[in-house]
Amino acid sequence: MEPTQRYDFRAIERAWQQRWHDADLFALPPVDDPREKFYYLDMFPYPSGNLHMGHLRNYTIGDVVARYQTMRGRAVLHPMGWDAFGLPAENAAIKHHTHPDPWTRTCIQEMHRQLDMLGISFNWDREVNTSAPDYYHWTQWLFLQFYAAGHVTRSDALVNWCTSCQTVLANEQVMADGTCERCDQEVIKKRLEQWFYKTTDYAQRLLDDLDGLTEWPEQVRTMQRNWIGRSEGVEFAWHVAESDITFRVFTTRVDTVFGVTYMALAPEHPLLETLIADRPEADDVRAFVRHVLAADQFARASADAPKEGVFTGAYATHPLTGAPVPIWVANYVMMDYGTGAIMAVPAHDERDFAFATQYNLPIPAVIVPEGETAESLALPYIGDGFQANSGQFDGLPNQEAMVRIAEWMEGEGLGERTVNFRLRDWCLSRQRYWGCPIPIIYCEQCGTVPVPDDQLPVRLPTDVEFTGHENPLATSPTFQHVDCPRCGAAARRETDTMDTFVDSSWYFLRFASQPPDAAFARAEIDRWLPVDQYVGGIEHATMHLIYARYFTKVLYDLGLIGVTEPFARLFTQGMVTKAAWWAAAEKRWYTEPEQLAADGLHTPGGAPVERQVAKMSKSIGNVVAPEGICEAYGADTGRCYILFIGPPNAEAEWQDDGVVGIHRWLTRVWRLTLPRAASYLPAWREVLASAKLDAEQRALRQKLHQTIARLSADIEDFGFNTAIAALMELVNAAAPFAADRLAAGAEADRAVFSELAETLALLLSPFAPHLADEIWAATGHEGSTYQAAWPVSDPALARRERLTIVVQVNGKVRDKLEVDAGAPEETIRAAALASERVQSFMDGKTPRKVVYVPGRLVNIVV
RNA sequence: GCCGGAGUGGUGGAAUGGUAGACACGCUUGACUCAAAAUCAAGUGCACUCCCGUGCGUGUCGGUUCGAGUCCGACCUCCGGCACCA
């Protein structure tokens, strides 16, 4: 065949990408653009240098929505950038003895190239690189705004510390056996002074405002509610007998207070040393505390860790009964939740029950459900019931007693009702090089001094070594030494950098506005925010999305922006997975069925394999790169296939076999339209307005207008897989029409075909934009489909003329009737009853009831 | 353990409470070809079948309804999140 006689996707895609680029088609909408705004945002990637299928899925979804909204007449902001700080660049620097900055820039270039290959309509004029000084300047400035307003604090926190590498490790760098990922040496928990954003101050608002995020997936809202973990209870004081020491405890079950048989303190409790100072038990207690703190803190925090404790020798006085209650130290009490001390009620708490059983402490029941007695009740009992052994509150339903006891305690001045959150303050310090430097200076005279605005940004120094040992910033000969901005004396710079989640907590603002001399300009923020549609992976449901919401609320409170929530509508796309076969005996993965024995159940060596569907990863080797698909089949095929693979919020299993189906379809689209461009009739509207069409012509127009309606609805509902199926149906219907009738050249046929070809180009535009523009040009249009208006379905044309009515007898389909769309109900009912086939299934019985569903079915009940 | 979500042909998947399996992959048959690829046409849930049909069928068991993949209850399995949170 001639080159022009086949679907040459390479030439088409290259040519159109060049034309889009030359025309600056995806430029940012101008400031005075009168169109309604639409801010579409994809979660920006870490620039690893390799685009993977998850990116393809995310950014293709985004491009469909952005192109659709543009064609619908919106001014669309569709930016892209790089979440470029982070460990991989630093690890690469250690490995290759280079610097993270050039390495990162190379990766960015490479990924930018791969994204361009997909033909995505990004507004590159708003590109952002979080590791560039013109970005992290403002990350620092925002930190100082937060600092000045009291949203930043400094305190101790436990970190993973590799004794060999002399550095802090992220949780995922600590192996399951508690060793360092890089050097295999032991990792310990170490306390370090760290910077925190005070997210807990916003816990209640972060929780409350979830109710307003009605366009978010319920799953994400639930996950955030659990993460914030609000619980209501009572915090009250216990006095230690024969001393003036007082402990405060928090409980959500103050109704069980009469069941307390011991108290338990966290080993880290600050009053513990005072409590045991002069007691004979002191040495035992100290030994126990050392034992607990030496153990792996992750293991200690797991629910199935064994419960251990030691008696302190001290007693507290029960505030209601006056009874002496022994005070223990227990490993299962955590210092960082509540007050670090608990009242233990073994009869009504599983943990306390396990502990009391082990150490032979009494377990009296004080809440008894109907039909049980305090003696017969199986313990521990967590549910509701009536108060027992509870003094003046005996017999009350426990929910009521909860309120009465709390009120009584408040009246006596013992304590008060409070709220506790699981959410912690956000530790933002990282003892790492490749992150945003924290703009703080420590001066012996002036203390902690923020870097003045005119000295920002605090730049990352380049005179550093990447050895894998210690924080490189601390090894720079120049970085730490600085004059105090207040008194001018020699001072020391903070060497910690920020968690990369800080960078991504405000990038959506920087996309909307990037003046040279400020973080953002208020007018542009007011124009674009909130983000109308945000799309990314479910793995960011809690951390990133909570941090970004927190930042937005603080910035609102500081008067810097006018919205309290950043993302109006959220969509979480599913992972892209691929099957692989694990051969346990050989300890290796097989990634292609052809590598296996003929039965598919064994390796060529005879070892059994287990089929698993897993996220694409280098370690398994089941990675399929979008670039390879684009080279073999084209970007349009890659884009359509990743959408067609399944519902976008669900996990999708990649199957190479499916790609050819999409490619065949696009080839059929090409064959339907491009070689027939000569049949195109620019004046098809006039011809169709006056022509009398036959049944086949009307049927094709009907299918076309039905497809327009389906596609619009599907795109708005993120039903991209069914949208493509609808386009396939349209092409399936059009192909025989074009083949059978177009050659004769009748004007009406050409007009029907012209409407189809032109509209098909527009409908295809968000999905396969290169081929769409090729068809658009071949039908005599200037420019790109991106600049054209989305088609509108004519309901009169889409309406079905004849209907198929299903006739059921007792709910089973027995016959089908073809009727005119306007046929009256009585006619249809009569026809259904008259049907011979229906009669034969009625066994001569008379209908008890006849149900008629307009336009759909008749059900005869006998 | 708690909180979410999902179970439909050989495969990916589709179905406002109203014809279950759209669309696609794969497979079968045919056309074209010396042949193959590509393309086109027909078929393809399972079982029985006088090839007209009939029965069964959406993880399991029950329920609501004229009618349930869809709604309700219980259970099973898988996936995700959280987990000594007092």
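Residues numbered from 1 in each chain as written. Chains lettered and ligands numbered in written order. Predicted model: local features only at pLDDT ≥ 70, side-chain atom pairs only at ≥ 80, totals over all residues. Heavy atoms only, no water.

Chemist: Mind showing me how you'd approach the layout of surface pockets here?
Modeler: The gaps left among the atoms become clear once a water-sized probe is rolled over them. As a volume, the second largest pocket reaches approximately 570 Å³. In terms of lining residues, the second largest pocket is bounded by 23 residues, among which Q17, Q18, D116, M117 and G119 are the most central. Contributing elements (two or more residues each) for the lining of the second largest pocket: helix 1 (9-22), helix 4 (100-117) and helix 18 (626-633). Among the elements that line the lining of the second largest pocket, the one with the most residues is helix 1, at eight residues. Residues belonging to the lining of the second largest pocket are distributed by class as follows: 11 nonpolar, five polar and seven charged. (1 Å grid on protein atoms, 1.4 Å probe; cavity = no way out; pocket = protein on both sides within 12 Å on 5 of 7 lines; lining within 4 Å. Points joined across faces, edges and corners; volume = space filled by probe spheres on them. Helix = DSSP H or I, 4+ residues; strand = E, 2+ residues; numbered from the N terminus. Nonpolar A, V, L, I, M, F, W, Y, C, P; charged D, E, K, R; others polar.)

Chemist: What is the right way to look at the side chain of N331 in this model?
Modeler: Here N331 shows up in the loop between strand 12 (324-330) and strand 13 (341-344). Its relative accessible area of 8% is what places N331 among the buried residues. Among the polar contacts made by the side chain of N331, one reaches the main-chain carbonyl oxygen of P306 at a distance of 3.0 Å. In this structure N331 touches P267, F288, V292, R300, P306, K307 and E308, once residues within four positions along its chain are discounted. (Buried < 20%, exposed > 50% of the residue type's maximum accessible area, 1.4 Å probe, protein only. Polar contact = N/O pair within 3.5 Å; in protein donor to acceptor, adjacent residues only side chain to side chain. Contact = heavy atoms within 4.5 Å.)

Chemist: What should I look at first to understand the sheet that holds strand 25 (residues 570-573) in this one?
Modeler: Each strand in a sheet pairs with another by means of backbone hydrogen bonds, the pair being arranged parallel or else antiparallel. On the basis of which strands lie adjacent, the open sheet formed by four strands has the order 2-1-24-25 and parallel pairing. Both edges of this open sheet fall to strand 2 (75-77) and strand 25, since each of them pairs with a single strand only. Averaged over all pairs of adjacent strands, the angle between their axes in this sheet comes to 20 degrees, without regard to strand direction. Contacts from helix 2 (residues 53-71) reach strand 1 (37-42), strand 2, strand 24 (533-537) and strand 25 within the one sheet, and its direction differs from that of strand 1 by about 175 degrees. (Pairing = 2+ DSSP bridges. Axes fitted to C-alpha atoms, helices over the stretch in contact; angles between N-to-C directions.)

Chemist: Help me understand the protein's contact with RNA strand B in this model?
Modeler: T252, A301, K307, Y337 and R351 are the nearest of the 56 residues found near RNA strand B. The protein-proximal atoms of RNA strand B, defined as those within 4 Å of the protein, are 68% sugar or phosphate. Within the backbone of M334, an N or O atom sits 2.6 Å from a base nitrogen of RNA strand B. At 2.6 Å, a side-chain N or O of N859 approaches a base oxygen of RNA strand B. By residue number, the principal contributor to the surface near RNA strand B is helix 23 (residues 720-741), which donates six residues. (Near = heavy atom within 4 Å.)

Chemist: What am I meant to see in the domain arrangement of chain A here?
Modeler: Interfaces are often sized by the accessible area lost when the parts come together. The domain architecture assigned to chain A consists of domain 1 (35-130 + 504-573), domain 2 (145-195 + 435-500), domain 3 (231-417), domain 4 (652-798) and domain 5 (802-861). Distance from the C-alpha centre of domain 3 to the C-alpha centre of domain 4: 72 Å. (Domains from an automatic or database assignment.)

Chemist: Sorry if this is basic, but what is going on with the sheet that holds strand 20 (residues 447-450) here?
Modeler: Taking strand neighbours across the sheet as the criterion, the four strands line up as 20-19-22-21 in an open arrangement whose pairing is antiparallel. Sheet topology places strand 20 and strand 21 (481-483) at the edges, where each strand pairs with a single neighbour. On average, each strand axis in the sheet is tilted by 40 degrees relative to the strand beside it, whichever way the strands run. Where strand 21 meets strand 22 (residues 490-493), three bridges bridge the pair, whose relative direction is antiparallel. The residue of strand 22 that forms the bridge with H481 is R492.

Chemist: Honestly, the pairing of strand 1 in this entry has me stumped. Any pointers?
Modeler: Every other side chain in a regular strand lies on the same face of the sheet, so the side chains alternate between the two faces. Counting buried positions over the six residues of strand 1 gives six, a clear majority of the element. The alternating pattern of strand 1 places K37, Y39 and L41 on one face and F38, Y40 and D42 on the opposite face, and all of these are buried. In the sheet, strand 1 pairs with strand 2 via three bridges, with the strands oriented parallel. Opposite K37, over in strand 2, you have A75 as the bridge partner. Handedness of the crossover is the feature at issue here: the chain leaves strand 1, passes through helix 2, returns alongside strand 2, and the resulting connection is right-handed. Relative to strand 24, strand 1 runs parallel, the two being bridged by three bridges. Across the sheet, L41 pairs through a bridge with Y534, a residue of strand 24. (Right-handed = clockwise from strand over helix to strand, strands pointing away.)

Chemist: Where do I start with the pairing of strand 9 (residues 246-251) in this structure?
Modeler: Alignment of strand 8 (residues 230-240) against strand 9, held across six bridges, turns out to be antiparallel. Of the residues in strand 9, the one forming a bridge with W238 is F247. Linking strand 8 to strand 9, which pair antiparallel, is a turn of five residues; within it E242 sits at a positive phi near 55 degrees.

Chemist: Explain the pattern of salt bridges here, please?
Modeler: For the coordinates displayed, the defined rule picks out 43 salt bridges. Salt-bridge contacts for R126 lead to E524; the nearest nitrogen and oxygen are separated by 2.8 Å. Of this pair, R126 sits in the loop between helix 4 and strand 4 (128-129) while E524 sits in helix 16 (residues 522-528); the two residues are 398 residues apart in sequence, bridging distant segments of the chain. For E524, a relative accessible area of 22% gives the class partly exposed. Taking the shortest distance from any N to any O, the salt bridge between R802 and D820 comes out at 2.9 Å. (Salt bridge = Lys/Arg side-chain N within 4 Å of Asp/Glu carboxyl O.)

Chemist: Looking at this structure, I do not really get the state of the cysteines. What am I missing?
Modeler: Such a bond, covalent and formed between the sulfur atoms of two cysteines, is termed a disulfide. Tallied over the full model, the rule gives zero disulfides. The structure places no disulfide on C107, whose sulfur is separated from the nearest cysteine sulfur, that of C630, by 19 Å. You can call C107 buried: its relative accessible area is 8%. In this structure C436 is a free cysteine whose sulfur lies 15 Å from that of C427, the closest cysteine sulfur available. When its relative accessible area of 0% is taken as the criterion, C436 is described as buried. (Disulfide = S-S within 2.5 Å.)

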